[in-house]
Amino acid sequence: MIVPSKISSANANSYRGTSWQNAWKGLSSHFMSRGYALFDLDHTLLPFDTQVLFCNYVLRQEGWRRAYLFWFVVCLPFAVLRVLNLRMMKRVFSSYLWGMKKDVLERHVANFLKTDFEEALFPEVVAEVERNRSEGRILILNSASPEFYLEGIAEKLGFDHFIGTDMAVEDRMPFLPRISGPNNKHGAKITAMRDRDLIPGDLEMLGDSWAYSDSSADIPLLSIAEHGVMIHPGDKLAFLGLEKGWRTMTPSRPYEGKWGGRIASLKQAFGLYRIEKK
């Protein structure tokens, strides 16, 4: 079984200036000689926002947790007015986990990955993960999702490394889970990979490398790889992708269009969505 690494900046820096320096440089040179395959998660490897899909799973197991919707809905107007930023709204949304013991959360994650998550995956995009592995590239899962379930996803799909939003898992989950560091979106994804020495810091373009995403927020991720692949892109991303010669993939989704996806997400937020068995 491949166990993906989560390399912190502190750990990476501890190698420098020590007897391990030469070994670390050799390892870095080895990585630099290989290509990379960079994958977003939500709406890229599956047709949903994984945070909301996991919420749906938990609410179907523990229905009383739907109480989170009260304060989440109260906060929504403040998010629209940009009084509350995306980082804070992610914490408010995650209040559905309030009071949950760590071992219960871990059990929910494990069962979710074996059931709803596995059923939801795009087979065509998973095949791209396998193709890149067979061609010797370093596989990096780079998502804004919380790392407490991203680690299991990376291990399940055989990624070498993963990067997500660092949301703390405590013995009992607090009302507003703590987030350390940035919300891992936009250019923060590139910064995180460079800070962790997962990709060279001095290259603007990674040769023999592929990047996959559905979102215009991931233009930096798609642009750093020699080959970009867009998954069901919106108009803005599709237009830019046409200019840059990026490929497009449109795997089958269990809903029609943007509004179909929004309705699916709304049902998931209430714990009312059922994954269609393949």
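Further up the page is the structure itself.
Figured I'd write up the structure that's included with this text.

Conventions and cut-offs
Residues numbered from 1 in each chain as written. Predicted model: local features only at pLDDT ≥ 70, side-chain atom pairs only at ≥ 80, totals over all residues. Heavy atoms only, no water. Helix = DSSP H or I, 4+ residues; strand = E, 2+ residues; numbered from the N terminus. Expected span 1.5 Å × (residues − 1). Contact = heavy atoms within 4.5 Å. Core = buried A, V, L, I, M, F, W, Y, C linked by side-chain atoms within 4.5 Å. Buried < 20%, exposed > 50% of the residue type's maximum accessible area, 1.4 Å probe, protein only. Pairing = 2+ DSSP bridges. Right-handed = clockwise from strand over helix to strand, strands pointing away.

A rise of 1.5 Å per residue sets the reference length of helix α6 (residues 102-114), with its 13 residues, at 18 Å; its end C-alpha atoms lie 19 Å apart and thus fit the reference within 8%. Turning to α6, the residues buried within the fold contact α3 (50-61), α7 (116-120) and α9 (147-157).

Turning our eyes to something else, we now look at the nonpolar core. Counting 58 residues, the largest nonpolar core has Leu 45, Phe 54 and Leu 141 as its most contacted members. Top element by residues in this core is α3. It accounts for seven residues. If near-sequence neighbours (up to four positions away) are discounted, Leu 45 is found in contact with Phe 39, Asp 40, Leu 121, Phe 122, Val 125, Val 129, Leu 141, Leu 157 and Phe 159. Residues Ile 190, Leu 198, Ile 199 and Ile 219 belong to the second largest nonpolar core, which totals 21 residues.

Once that is clear, we can look at the pairing of strand β6 (residues 225-231). For β6, the tally of buried residues reaches five of seven residues, placing the bulk of the element in the interior. As judged from the five bridges shared by strand β5 (residues 206-213) and β6, these two strands associate in the parallel manner. Following the sheet pairing, Trp 210 is matched in β6 by His 227. As paired elements, β6 and strand β7 (residues 247-249) share three bridges and run parallel to each other. Across the sheet, Ile 231 pairs through a bridge with Met 249, a residue of β7. With respect to chirality, the unit in which β6 leads through helix α12 (residues 235-244) into the neighbouring parallel β7 is right-handed.

What follows is about the sheet that holds β5. Spatial strand order, β4-β3-β2-β1-β5-β6-β7: seven strands in an open sheet with mixed pairing. Sheet topology places β4 (179-180) and β7 at the edges, where each strand pairs with a single neighbour.

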